[in-house]
Amino acid sequence: MIDHQLDEFIRKMPKVELHVHLEGSIQPQTAIALMRRNNSELLPEDADDVKELYNFDNLSQFVTAMRSVSNNIVQLEDLTRVADELFEHLALQHVRYVEFDCALQKYLDLGFELADIVDAVYKSAKRAEEHLGILSRLIVNQIRSYGSEVCANLVRRVADLNHPFIAGVGLSGDEMKSPQKEFIKSYDIAREAGLGRTVHAGEAVGPESIWDA
C-alpha cells in the first residue's frame, strides 16, 4: 500500500522535462504503422519487436536503431502525430514544461520549408498547452553526420526565422566521427542570435569530449 501511495505521489508531482528527442519518442504502434506504410526493410509485428530494435551495446548501434524507426517520418502529419503522442505521454507523468529536441534538417532534406516544419510541431504544442496544460519549447537538434557547414547553415536559417517557439540548439550523433570542436561556427551563430546552447558529450569518447563541449 505504501509503495502504491508513493508511486501515485510521484506521478502527480508537477515535473519539468529538459531533454527528450521527438524522433526518439515514437510510440511502438505508431512506429509499426509508419514502417508498414513506407514498406520499411524492417517490419515489426508488435511492440516487443519495436523495443527489440533498441537493443544496443554502444552509441553507434543506438543511432542506427533510432534512424531505422525515425526515418519513417516522411510527412509533416507524421511529425505532428509523434508530437501529439509525446505530449499525451508527458501529461500522464504530470509534466508541466518540456524542452524537446527536433532534427529539423531531416525534414528540410525531404523538401519541406523550415517555417512549415516548425509550424507543424508548434500547432501540436499549442494544443498541448490548451488541453493538457503543458508548456513546451523546441531545441533544434544538429546531427553531427551532416557536417559542420550544413549545421551552421541550419542554425543561421533558424536564427533568421526568429520563431518564439525555438529556445535553442543542440548537437547529437557519433562523437568519434564528428567531435564538438568541428561545430564552433554554428554555436557562435546561435549565441549571437540569443539562442540557448546545449550539446551531447562524453557518450562515446570520454572526458575529452566534455572538455571540448
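Keep in mind that this is a model prediction, so the values were computed, not measured.

Novice: Account for the overall build of the chain, naming residues and giving values.
Specialist: Each helix and strand in the chain was counted, giving 10 helices and 5 strands. Against the compact-globule benchmark of 17 Å for 213 residues, the chain has a radius of gyration of 18 Å, which places it among compact chains. Along the first, second and third principal axes, the C-alpha set of the chain runs to 55 × 40 × 40 Å. The buried share of the chain, taken over its 213 residues, is 42%. Within the chain, contacts between residues at least 6 apart in sequence are counted, and of these 77% link residues at least 24 apart.

Novice: Give a detailed account of helix H5 (residues 76-92), specifying residues and quantitative values.
Specialist: The terminal C-alpha atoms of H5 lie 25 Å apart, and with 17 residues this matches the ideal 24 Å at 1.5 Å per residue to within 8%. Inspection of H5 places Leu-76, Asp-78, Leu-79, Thr-80, Val-82, Ala-83, Glu-85, Leu-86, Phe-87 and Leu-90 among the buried residues, and these make up the whole buried set. In the core, the buried residues of H5 are packed alongside strand S1 (15-21), helix H2 (28-37), strand S2 (95-102), helix H6 (104-108), helix H7 (114-131) and strand S3 (135-143). His-94 occupies a position one or two residues after H5 and carries a positive phi of about 60°.

Novice: Lay out the pattern of salt bridges in plain terms, naming residues and giving numbers.
Specialist: The tally for this structure, following the rule as stated, stands at 10 salt bridges. Where Glu-8 meets Lys-12, a salt bridge forms, and the shortest distance between an N and an O atom there is 3.6 Å. Of the two residues, Glu-8 and Lys-12 both sit in helix H1 (residues 2-12), 4 residues apart, roughly one turn of that helix. The class for Glu-8 is partly exposed, based on a relative accessible area of 26%. We classify Lys-12 as partly exposed; its relative accessible area is 48%.

Novice: How would you summarise the packing of H2 against H5 if you had to cite specific residues and measurements?
Specialist: The contact between H2 and H5 brings their axes to 11 Å, and the two run at 170°. In terms of orientation, H2 lies roughly antiparallel with respect to H5. In contact with Thr-30, Ala-33, Leu-34 and Arg-37 of H2, H5 contributes Asp-78, Arg-81, Val-82 and Glu-85. Considered class by class, the residues forming the contact of H2 with H5 number 3 nonpolar, 1 polar and 4 charged.

Novice: Explain the layout of surface pockets residue by residue, including any values.
Specialist: Its boundaries defined by the atoms lining it, the largest pocket holds a volume of some 350 Å³. Lining the largest pocket we find 20 residues, and of these Val-63, Met-66, Asn-141, Ile-143 and Ser-172 sit closest to its centre. Looking at the lining of the largest pocket, the elements with two or more residues in it are helix H4 (59-70) and S3. Of the residues forming the lining of the largest pocket, the biggest block, 6 residues, is contributed by H4. Partitioning the lining of the largest pocket into residue classes produces 7 nonpolar, 9 polar and 4 charged.

Basis of the calculations
Residues numbered from 1 in each chain as written. Predicted model: local features only at pLDDT ≥ 70, side-chain atom pairs only at ≥ 80, totals over all residues. Heavy atoms only, no water. Helix = DSSP H or I, 4+ residues; strand = E, 2+ residues; numbered from the N terminus. Rg over C-alpha atoms; globule rule 2.2 N^0.38 Å. Buried < 20%, exposed > 50% of the residue type's maximum accessible area, 1.4 Å probe, protein only. Contact = heavy atoms within 4.5 Å. Expected span 1.5 Å × (residues − 1). Salt bridge = Lys/Arg side-chain N within 4 Å of Asp/Glu carboxyl O. Axes fitted to C-alpha atoms, helices over the stretch in contact; angles between N-to-C directions. Parallel < 35°, antiparallel > 145°, perpendicular 65-115°, else oblique. Nonpolar A, V, L, I, M, F, W, Y, C, P; charged D, E, K, R; others polar. 1 Å grid on protein atoms, 1.4 Å probe; cavity = no way out; pocket = protein on both sides within 12 Å on 5 of 7 lines; lining within 4 Å. Points joined across faces, edges and corners; volume = space filled by probe spheres on them.

What is shown is where atoms sit, not what they do.
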